[in-house]
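# Survey of secondary and tertiary structure
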Amino acid sequence: MGMTITEKILAAHAGLNEVKPGELIKAKVDMALANDITAPLAIKAFKTAKGKQVFAKDKIALVLDHFTPNKDIPSAIQCQEVRKFAKEQGIVHFYDVGEVGIEHVLLPEKGLVLPGDLVIGADSHTCTYGALGAFSTGVGSTDLGAVMLTGEIWLKVPPSIKLVYKGKLPKWITGKDLILYTIGDLGVEGALCKAMEFCGEAIAELSMDGRFTMANMAIEAGAKNGIFAPDEKTEAYVKPRATRPYKIYQSDPDAKYLFVKEYDVAQLEPQVALPHSPDNVKGVSEIGEIKIDQVVIGSCTNGRLEDLRLAASILKGKKVAKGVRCIVIPGSQQVYLDALKEGLIEIFIEAGAAVSTPTCGPCLGGHMGVLGPGEKAISTTNRNFIGRMGHVESEVYLASPAVAAASAITGKIASPEEVL
Amino acid sequence: MIVEGKVWKFGDNIDTDIIIPARYLNTSDPQELAKHCMEGIRPDFAQLVREGDIIVAGRNFGCGSSREHAPIAIKAAGIKAVVAKSFARIFYRNAFNIGLPIVEAEKVVDASKEGDVLKIDLDRGEIVNLTQNQTFKIQPLPDFMKELIADGGLIPHLAKKGGY
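Residues numbered from 1 in each chain as written. Chains lettered and ligands numbered in written order. Predicted model: local features only at pLDDT ≥ 70, side-chain atom pairs only at ≥ 80, totals over all residues. Heavy atoms only, no water.

### Looking at the overall build of chain A
Within chain A, the secondary structure is distributed over 14 helices and 18 strands. For chain A, whose C-alpha radius of gyration is 20 Å, the value lies close to the compact-globule estimate of 22 Å for 420 residues. Overall, chain A is about 60 × 50 × 40 Å in size when its C-alpha atoms are taken along their principal axes. For chain A, the proportion of its 420 residues judged to be buried stands at 65%. By sequence separation, contacts in chain A at least 24 residues apart represent 76% of the contacts at least 6 residues apart. Accessible surface, chain A as shown: approximately 14400 Å² in total, 53% of it carbon and sulfur. (Helix = DSSP H or I, 4+ residues; strand = E, 2+ residues; numbered from the N terminus. Rg over C-alpha atoms; globule rule 2.2 N^0.38 Å. Buried < 20%, exposed > 50% of the residue type's maximum accessible area, 1.4 Å probe, protein only. Contact = heavy atoms within 4.5 Å. Areas by Shrake-Rupley, 256 points an atom, 1.4 Å probe, with all protein chains shown as cover.)

This is the structure:
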């Protein structure tokens, strides 16, 4: 019987010829990651279990990206714990301020995650690497601690659902719009514990940055992983970065899916997720006038070069509306440098935006843009739960960098069409 | 393993930012986390909850972040079990891994009101709503999972076994 790309990767890492949905497997991990919030607990778990040496120094990435540069003393202490452990253990892929980027922007960029890999991360957005045709999923710190100890994890093979995107992508429609539309359709529990396989002509047209954005938000539909079949765009992205062999998997034509959904994207307008759930999605023309206090452009969802280019193309020669705070956060040092060389940073600053060093910061209400009571933000991030970006009475609207940039100019949630 | 306590009732899609907002994640100290448990939706929860109480919630409990601080905050607040219609995937693993028993039981959730007293018998696979005098069958936990919970979670369980 045919297998999906997810099933093939899981089978290969479990040393089996075939796996079926529902089967429990023990799988070998190619890359394990944790950040400054989840690593301290994973290290504690590792030590409590009497761990002496990690399973492989070059298969663990520790990325200090959430509350860095240190936002307060307790955060500084958490980073110290991770720094000390990385040094003790000789962790090869340890990233600290100055080199650090947001983990899910950084790891693909450095070639640390590759097609066909099995990646386990103590961060729910670890599912991002599915864009490369890898199986990747988030776990808690204890599971990650056990992976650091053994190099293995038990997993239940997920059933796959196939999402087919037909038609040509209209202007301004990005990976963010496709994934918001999909989450709006499936609901936040719609893909619970399942593999979301993205395909179709609109997906073939989509850039790697757009695919990272889509895979990143698979968790917002409850999925275990999101995945794309590698194509020539994947190869072009991976080849200059890879320092070890990798394997391309494709789903068999007779692979089994729990269900298949087809979406026609040709008439799609920019999408916005309203408070307080990523599945509360509407077209930008349907939401009425919503005045905003803050705009955030960045994050593991939309902090890549293409995202900044898109935002800059709209903000060029324009000004952020009075009374609106626009914060732009490149996802990695490389993205920052590329944006600087291309003149994007200049465009943002001239428009009146604040540009920050890479950090997860405001996305989870950590620092660098926390919201006060009653404030509204439009953000290119991934979650708009109650209190996500600050005060419990603040509101977060999720959208693409194009909508976020247009909204910064008008001071209310706007389509890019309204400002160009 | 028997858990008996008062019900705190919540709705669907209780996410990890509600359970423990990220602004408190600059520590992993359970007692500190417990002070802010459920703050996003019920600010007085941490003050009112009593040792032994039970959370009863709707679908997709624990959706969102992978933060293990969420089940840790719940456990440290004194909650002895969570009963929900369904759980988000990462929360499900995390709860067992830190030794917080969780039960999927749709009918129990529909039948239980805030303040009811539930008796959860994980060995016999049954939940009794003592207030309403109703009994529900649940999937009993396998022995290895009961042992894991009794040891206080995956890591103490592994440490007890030793040999790494």
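Once you've had a look at it, read on.
### Quick notes on the packing of helix H6 (residues 175-186) of chain A against helix H8 (residues 208-216) of chain A
Residues and elements named next belong to chain A. One way to put it is that H6 packs onto H8 with a least axis distance of 8 Å and a crossing angle of 25°. It follows from the interaxial angle that H6 and H8 lie roughly parallel. Handedness of the crossing formed by H6 with H8: right-handed. Between H6, through Gly175, Lys176, Leu178 and Ile179, and H8, the contact on the second element is made entirely by Gly210, Thr213 and Met214. When its residues are assigned to classes, the contact of H6 with H8 shows three nonpolar, three polar and one charged. (Axes fitted to C-alpha atoms, helices over the stretch in contact; angles between N-to-C directions. Parallel < 35°, antiparallel > 145°, perpendicular 65-115°, else oblique. Left-handed = near helix turned anticlockwise from the far one by under 90°. Nonpolar A, V, L, I, M, F, W, Y, C, P; charged D, E, K, R; others polar.)

### Quick word on the interface of chain A and chain B
Counting residues at the interface gives 44 residues for chain A, matched by 35 residues for chain B. Across the chain A to chain B interface the summed buried area is about 3300 Å²; carbon plus sulfur atoms make up 57%. A per-residue breakdown of the area chain A buries against chain B is headed by Leu41(A), Thr142(A) and Glu189(A), which together make up 16% of the total. Across the chain A-chain B interface, the total number found is three salt bridges. For the salt bridge of Arg59(B) with Glu189(A), the shortest nitrogen-to-oxygen distance reads 2.9 Å. Along the contact surface separating chain A from chain B lie 18 residue pairs in polar contact (both at pLDDT 80 or more). Broken down by secondary-structure element, the contributors of at least two residues to the side of chain A that touches chain B are helix H2 (39-48), helix H3 (73-89), strand S6 (135-138), helix H5 (141-150) and strand S7 (152-156) of chain A. Ranked by residues supplied to the side of chain A that touches chain B, first place goes to H5(A) with five residues. (Buried area = accessible area lost by both parts, 1.4 Å probe. Salt bridge = Lys/Arg side-chain N within 4 Å of Asp/Glu carboxyl O. Polar contact = N/O pair within 3.5 Å; in protein donor to acceptor, adjacent residues only side chain to side chain.)

### Focus: the environment of Tyr181(A)
Residue and element names in this part refer to chain A. Note on placement: Tyr181 falls in helix H6. What makes Tyr181 partly exposed here is its relative accessible area of 34%. Those residues within four positions of Tyr181 in sequence are excluded, and the remaining contacts are Tyr263, Leu268, Gln271 and Val281.

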